[in-house]
Amino acid sequence: MTRIDAKFAELHTAGKKAFVAYVMAGDPNYNTSLEIVRGLPAAGVDIIELGIPFTDPMADGPTIQLAGQRALEAGQTLEKTLQIAREFRKTDDATPIVLMGYYNPIYSRGVDRFLKDAVAAGIDGLIIVDLPPEEDSELCIPAKAAGINFIRLATPTTDDKRLPKVLQNTSGFVYYVSITGITGAAAAQAVDVAPEVARIKSKTDLPVIVGFGVRTPDTAQEIAAVADGTVVGSAIVERIANGDSPVDVLAFVKSLADGAHRA
Amino acid sequence: MPDDILNSFMTGPDENGRFGDFGGRFVSETLMPLILELEAQYEHAKTDETFWAQMHDLWTHYVGRPSPLYYAERLTQHLGGAKIYLKRDELNHTGAHKINNVLGQIILARRMGKTRIIAETGAGQHGVATATVCAKFGLKCVVYMGAHDVERQAPNVFRMKLLGAEVIPVTSGRGTLKDAMNDALRDWVTNVHDTFYCIGTVAGPHPYPAMVRDFQAIIGKEAKEQMQAAEGRLPDTIIAAIGGGSNAMGLFFPFLDDTDVNIIGVEAGGKGVNSKMEHCASLTGGRPGVLHGNRTYLLQDDDGQILEGFSISAGLDYPGIGPEHAWLHEIGRAQYVSITDLEALEAFQLSCELEGIIPALEPSHALAHVMKIAPELPKDHLIIMNMCGRGDKDIFTVARALGFEMGSF
């Protein structure tokens, strides 16, 4: 059982929905980023999604693109992203950390070396946007063997015929992308999301978490109500981009978490 | 498996879109169903006679194919060695090889019921070709172009606008071809239901590298027949410039199994491949990585972050290369070299002065390599160089580089 499985079991027992927060590792710099990440559990975050900065984030809108640029300009590397996890684990051994990003920085480091380092750093899951099931042999299968959950994105274009393939090697949870589009774009509508979540849940026992287009406490509540939880990314990253202090960023995160937990 | 298949270089990619370890389908889930549908459509079209009849009709009457294979007599005499032929794809409608491929993709898009076409462009040649074919078929066209390229390729921007396309300047990154491709992919993910992404080179997720190659292979097929008619045999060396590598793959592919034919791809060496990555020579100066849907050689740092290339030629200014080239490089079937901006500029001028052909900066790189090797080769050595584009779009860039002020003549 990974930390992710344990967290969902705990939430299930408590009758609560999961709130997942995304921040870009190293944004706006290493120290501030570490401070924010450390404060997330106390702000009500159940699972931390830590973005791996990449020069060419093809599925991300301007907010996450710029966050990655800020982090890279401040000297963030994949090694330093793992370092944030290692530092975090010194004081928190329960909150799951999921790394989210693109394949090339991992491929560049070498998959075996990366997985060994990720396990040692206390990473629990991976969401790699540009690795569809067709490329499972690259990282998904080795990650599973290393005891790391490989969390797959399902999208509005994933039809019933394709869904089993998407679910096949997925573990931890399923991340349902609520819109066809990039991060931070159109607003998600609970009325559209509900039947899609039901469709996915009819094919898997894994929790289904909904992200993309969730920006406010109210939306977080509405979306979490029709799923097992929700993810907010761009709206949090915008606060960091505005230069909000970690305290203010975490206060905003708490308002989102409270919204999701009301569901 | 029969020997002739084992011994062929022309059977790739495999069912997973791989050329050896290169290629593949590294895209987000949102795009995956569409890419599989495109693959099915293309597999069907490949053996559909009506599809190819339509292609040939348009190639003949709209593009002006076959393009001539021209014996460059004065260039040959000047260099004093190998006999040099130019494959004149710069004479195509819209001024480059790009339209060969665009026609194929637009016909497929129409078959798939897509009404909106998006494209990325560097030098603007692929954007112009896409805008042209969209105008002809009455399709909405949106072209993503790096803001830096919009500036240095202004004539092509105006052409696209005249043709009814919307040109979106891309300011992310350094505002060149790579960044334009990122934004085109973001558009595609957002508008996946009605939109077809017309990729301009032999890169991207499978089936694009194979599909674009197949549409461009008309260049090599014609060249082979034309050389047979002119000299009664195969060429000894074929040469083409490479950014993503579509004109080169188009020329090379029909010759891959003619193992006596030397194949040379010329990358953009910018300010020189040794000087701090100020170049676009992915094979000479990069290493394998994953970007824009495929595994190939990339310019990247130790952390796997993609580096911006540098070249005087906007059409070669890309930090990657088509996966089939990466494979041909690794197995040694083709040789890849690089040419600097200065060498390309010299070749540009020589072509103008000796042959009355103003070449684009892209094939000027190929010509610069011809200038290096031809003098040392015997007079019966036959070279085909792909003159893949004309230089009208580049005259402002060249004027600046040579220190001319336009309007002061």
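Residues numbered from 1 in each chain as written. Chains lettered and ligands numbered in written order. Predicted model: local features only at pLDDT ≥ 70, side-chain atom pairs only at ≥ 80, totals over all residues. Heavy atoms only, no water.

1. Remarks on the sheet that holds strand β8 (residues 195-197) of chain B
In a beta sheet, neighbouring strands pair by backbone hydrogen bonds and run either parallel or antiparallel. Residue and element names in this part refer to chain B. Test applied: Two strands pair if DSSP finds at least two bridges between them. Helical segments are the DSSP runs of H or I of at least four residues, strand segments are the runs of E of at least two, and each set is numbered from the N terminus. Fitted lines through C-alpha atoms serve as axes, helices being fitted only where they are in contact, and the angles separating the N-to-C directions of these axes extend from 0 to 180 degrees.
One open sheet holds the four strands; their spatial order is β7-β6-β5-β8, and the pairing between them is parallel. In this open sheet, the two strands that pair with only one neighbour each are β7 (166-170) and β8. Neighbouring strand axes in the sheet, compared pairwise and without regard to direction, differ in orientation by 25° on average.

2. Section: the interface of chain B and chain A
By a frequent convention, interface size equals the accessible area lost on bringing the separate parts together. Threshold: Contacts are assigned to residue pairs that have any heavy atoms within 4.5 Å of one another. Take the accessible area each of two parts loses on contact, using a 1.4 Å probe, and add the two losses: that sum is the buried area. A side-chain nitrogen of Lys or Arg and a carboxyl oxygen of Asp or Glu constitute a salt bridge if their distance falls within 4 Å. N or O atoms closer than or at 3.5 Å make up a polar contact, with two conditions inside protein: a donor-capable atom paired with an acceptor-capable one, and, for residues adjacent in sequence, both atoms drawn from side chains.
Of the residues lining the interface, 37 residues belong to chain B; the matching set on chain A comes to 36 residues. Across the chain B/chain A interface, buried area totals approximately 2900 Å², and carbon plus sulfur atoms make up 49% of it. The tally of links between chain B and chain A comes to five salt bridges. For Arg18 of chain B, the salt bridge identified is with Glu138 of chain A, shortest N-O distance 2.9 Å. Along the contact surface separating chain B from chain A lie 23 residue pairs in polar contact (both at pLDDT 80 or more). Breaking the side of chain B that touches chain A down by element, the ones donating at least two residues are β2 (22-26), α2 (32-46), α9 (177-190), β11 (287-291) and β12 (293-298) of chain B.

3. Some remarks on the pairing of strand β2 (residues 47-51) of chain A
All names here are of chain A. In plain terms, the rule: Residue exposure (1.4 Å probe, protein chains only): buried if accessible area is under 20% of the type maximum, exposed if over 50%, otherwise partly exposed.
Burial analysis of β2 places five of its five residues in the buried class, the great majority of the element. Side chains of β2 alternate between two faces, with Ile47, Glu49 and Gly51 and Ile48 and Leu50 buried alike. As paired elements, strand β1 (residues 18-24) and β2 share five bridges and run parallel to each other. Within β2, the residue paired with Val20 across the bridge is Ile47.

4. So, the packing of aromatic side chains
Where two aromatic rings form a pair, the distance of their centres and the angle of their planes describe that pair. Our working definition: Two rings from Phe, Tyr or Trp (for Trp, the six-membered ring) form a pair when their centres sit within 6.5 Å of each other. Planes less than 30 degrees apart are called stacked, planes more than 60 degrees apart edge-to-face, and all others tilted. Any Lys NZ or Arg CZ that is within 6 Å of a ring centre and within 35 degrees of that ring's normal is treated as a charge sitting over the ring.
What the rule picks out here adds up to 16 aromatic pairs over all chains. Ring plane angle 90° and centroid distance 6.1 Å describe the contact between Tyr175 of chain A and Phe212 of chain A, whose orientation is recorded as edge-to-face. With Tyr175 of chain A in strand β7 (residues 174-177) and Phe212 of chain A in the loop between β8 (208-211) and α10 (217-225), this residue pair connects regions lying 37 residues apart in the sequence. Overall, Tyr175 of chain A belongs to the buried group, its relative accessible area being 3%. Taking the relative accessible area as the measure of exposure, Phe212 of chain A reaches 10% and is therefore buried. An aromatic cluster of three or more residues is present, and its members are Tyr42, Phe51, Trp52, Trp59 and Phe215 of chain B. In this arrangement the basic side chain of Arg88 of chain B is found over the ring face of Tyr70 of chain B, its NZ or CZ atom lying 5.4 Å from the centre.

5. With respect to the side chain of Thr219 of chain A
Residues and elements named next belong to chain A. With respect to the secondary-structure elements, Thr219 resides in helix α10. By relative accessible area, Thr219 is classed as buried at 15%. Engagement of the side chain of Thr219 in a polar contact is seen with the side chain of Thr216, the distance being 2.6 Å. Not counting the four nearest positions on each side in its chain, Thr219 is found in contact with Ala188, Gly213 and Val214.

6. So, the packing of helix α3 (residues 62-73) of chain A against helix α11 (residues 234-241) of chain A
Residues and elements named next belong to chain A. Put simply, the rule is: Oblique is the label for any angle not covered by the other classes, which are roughly parallel (under 35 degrees), roughly antiparallel (over 145) and roughly perpendicular (65 to 115). Handedness of a crossing is defined here by the sense of rotation of the near helix relative to the far one, left-handed for an anticlockwise turn of less than a right angle and right-handed for a clockwise turn. When residue character is reported, Ala, Val, Leu, Ile, Met, Phe, Trp, Tyr, Cys and Pro are called nonpolar, Asp, Glu, Lys and Arg charged, and the others, Gly included, polar.
Contact pair α3 / α11: the axes reach a minimum separation of 9 Å and the direction vectors enclose 50°. The angle between α3 and α11 places the two elements in the oblique class. For the crossing formed where α3 meets α11, the hand is left-handed. Here α3 contributes Thr63, Ile64, Ala67 and Arg70 to the contact with α11, which in turn contributes Ser234, Val237, Glu238 and Ala241. For the contact of α3 with α11, a count of residues per class yields four nonpolar, two polar and two charged.

7. Considering the pattern of salt bridges
If charged atoms from side chains of opposite charge come close, those side chains can pair. Scanning the model with the defined rule gives 46 salt bridges over all chains in all. Where Arg111 of chain B meets Asp48 of chain B, a salt bridge forms, and the shortest distance between an N and an O atom there is 2.9 Å. With Arg111 of chain B in helix α5 (residues 98-111) and Asp48 of chain B in the loop between α2 and α3 (49-63), the pair connects residues that are 63 residues apart, well separated along the chain. For the salt bridge of Glu343 of chain B with Lys372 of chain B, the shortest nitrogen-to-oxygen distance reads 3.1 Å. Taken together, the residues Glu343 of chain B in helix α15 (residues 341-355) and Lys372 of chain B in helix α16 (residues 361-373) connect sequence positions 29 residues apart. Since its relative accessible area comes to 43%, Lys372 of chain B is described here as partly exposed. Each of Glu79, Arg86, Arg109, Arg113 and Asp117 of chain A takes part in one network of salt bridges that share partners.

8. Some thoughts on the sheet that holds β11 of chain B
Residues and elements named next belong to chain B. With antiparallel pairing, the four strands of this open sheet are ordered in space as β1-β2-β12-β11. Taken across any chain shown, the strands that pair with only one partner, and hence form the sheet edges, are β1 (18-19) and β11. Pairing geometry for β1 and β2, over two bridges, is antiparallel. Its bridge partner lying in β2, Phe19 is registered against Phe22. Packed on one face of the sheet, helix α14 (residues 323-331) meets β1, β2 and β12 and runs near 45° to β12.

9. Regarding the packing of helix α2 (residues 30-39) of chain A against helix α12 (residues 246-262) of chain A
Residue and element names in this part refer to chain A. It is at 10 Å that the axes of α2 and α12 come closest, and there the two elements cross at 35°. You can see that α2 and α12 cross each other, and the crossing is right-handed. Contact with α2, carried on its side by Thr32, Glu35, Ile36 and Gly39, involves Pro246, Val249 and Leu250 of α12 and no other residues of that element. Of the residues belonging to the contact of α2 with α12, the class tally is four nonpolar, two polar and one charged.

10. Quick word on the domain arrangement of chain B
Residue and element names in this part refer to chain B. This is how it is decided: Note that domain bounds follow an automatic or database assignment of domains.
When cut into domains, chain B gives domain 1 (19-60 + 98-212) and domain 2 (65-95 + 217-401). Spacing between the C-alpha centres of domain 1 and domain 2 amounts to 22 Å. With 44 residues of domain 1 at the contact, the number on the domain 2 side is 46 residues. Each partner contributes to the roughly 3500 Å² buried at the junction of domain 1 and domain 2, and carbon and sulfur atoms together form 59% of this total. By the criterion of area lost to domain 2, the three top residues of domain 1 are Phe22, Arg152 and Lys178, representing 21% of everything that side buries. Seen at the junction of domain 1 and domain 2, the total is two salt bridges.

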